[in-house]
Amino acid sequence: MLKQITSVRVSFCPFSPTSTSSTVFLNRIYSKKNQAANPTCKIDVHTTAFSKDPSVIDVTFKDGHKFHINAAELTGDDIIAQVSKYSKRLSQQEDLQ
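Criteria and thresholds
Residues numbered from 1 in each chain as written. Predicted model: local features only at pLDDT ≥ 70, side-chain atom pairs only at ≥ 80, totals over all residues. Heavy atoms only, no water. Axes fitted to C-alpha atoms, helices over the stretch in contact; angles between N-to-C directions. Helix = DSSP H or I, 4+ residues; strand = E, 2+ residues; numbered from the N terminus. Parallel < 35°, antiparallel > 145°, perpendicular 65-115°, else oblique. Left-handed = near helix turned anticlockwise from the far one by under 90°. Contact = heavy atoms within 4.5 Å. Nonpolar A, V, L, I, M, F, W, Y, C, P; charged D, E, K, R; others polar. Expected span 1.5 Å × (residues − 1). Buried < 20%, exposed > 50% of the residue type's maximum accessible area, 1.4 Å probe, protein only. Arc of directions from axis to C-beta. Salt bridge = Lys/Arg side-chain N within 4 Å of Asp/Glu carboxyl O.

### Section: the packing of helix α1 (residues 20-29) against helix α3 (residues 76-96)
When two helices pack together, their arrangement is captured by the angle between the axes and the distance separating the axes.
Reasoning step 1: Between α1 and α3, the shortest axis-to-axis distance is 8 Å and the interhelical angle comes to 50°. As judged from the angle between their axes, α1 and α3 are oblique. In this structure, α1 crosses over α3, and the sense of that crossing is right-handed. Along the contact surface, α1 presents S21, V24, F25 and R28, while α3 presents G76, D77, I79, I80 and V83.
Reasoning step 2: When grouped by side-chain class, the residues that make up the contact of α1 with α3 number 5 nonpolar, 2 polar and 2 charged.

Here you go:
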């Protein structure tokens, strides 16, 4: 999944119940397999102490496309599915060229 991604920024309050999907997403992208696929991907984690701050995930792809995801509205699996779907589309386009 990280092969087509240049940077990821995750911002959340770890004590907020809405941060669950952010932590699930982080756990998945920090896997050894993903890190090996793209060791140059910049992953920035910003934690806040205020539970009212929104849980936000920003993903930038190789083609410059950016996803701004409100993590409080989606599950971790939904976020992974969205990012993987676009990443897979980029991989297919790359293979055709």
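Further notes follow.
### Remarks on α3
Residues spaced three or four apart along an α-helix face the same direction, because each turn holds 3.6 residues.
Reasoning step 1: Relative to the 30 Å expected for 21 residues at 1.5 Å per residue, α3 spans 30 Å between its end C-alpha atoms, a close match to the ideal helical length.
Reasoning step 2: Buried within α3 are the following residues: G76, I79, I80, V83, Y86, S87 and L90. End-on, the buried residues of α3 take up no more than an arc of 145°, which puts them together on one face. In α3, the exposed positions that point more than 90 degrees away from the buried face belong to K85, K88, D95 and L96.
Reasoning step 3: Packed against the buried residues of α3 are β1 (5-12), α1, β3 (56-61) and β4 (66-70).

### Some thoughts on the environment of S84
Reasoning step 1: Mapped onto the elements of the fold, S84 is located in helix α3.
Reasoning step 2: With 54 residues separating them along the chain, S84 and Y30 place their C-alpha atoms 15 Å apart.

### Here we look at the pattern of salt bridges
Reasoning step 1: Taken as a whole and assessed by the stated rule, the structure comprises 2 salt bridges.
Reasoning step 2: R9 is paired through a salt bridge with D44; the nearest N and O atoms lie 3.3 Å apart. On the criterion of sequence distance, the pair formed by R9 in strand β1 and D44 in strand β2 (residues 42-47) is long-range, its members being 35 residues apart.
Reasoning step 3: Given the relative accessible area of 34%, R9 is considered partly exposed.
Reasoning step 4: Overall, the relative accessible area of 31% leaves D44 in the partly exposed class.
Reasoning step 5: One salt bridge in this structure joins R28 and D77, with 2.8 Å as the shortest N-O distance. Here the residue R28 occupies a position in helix α1, and D77 occupies one in helix α3, the gap between them amounting to 49 residues.
Reasoning step 6: Judged by relative accessible area, R28 falls into the partly exposed class, the value being 36%.

No statement about biological role is implied by the geometric values presented.
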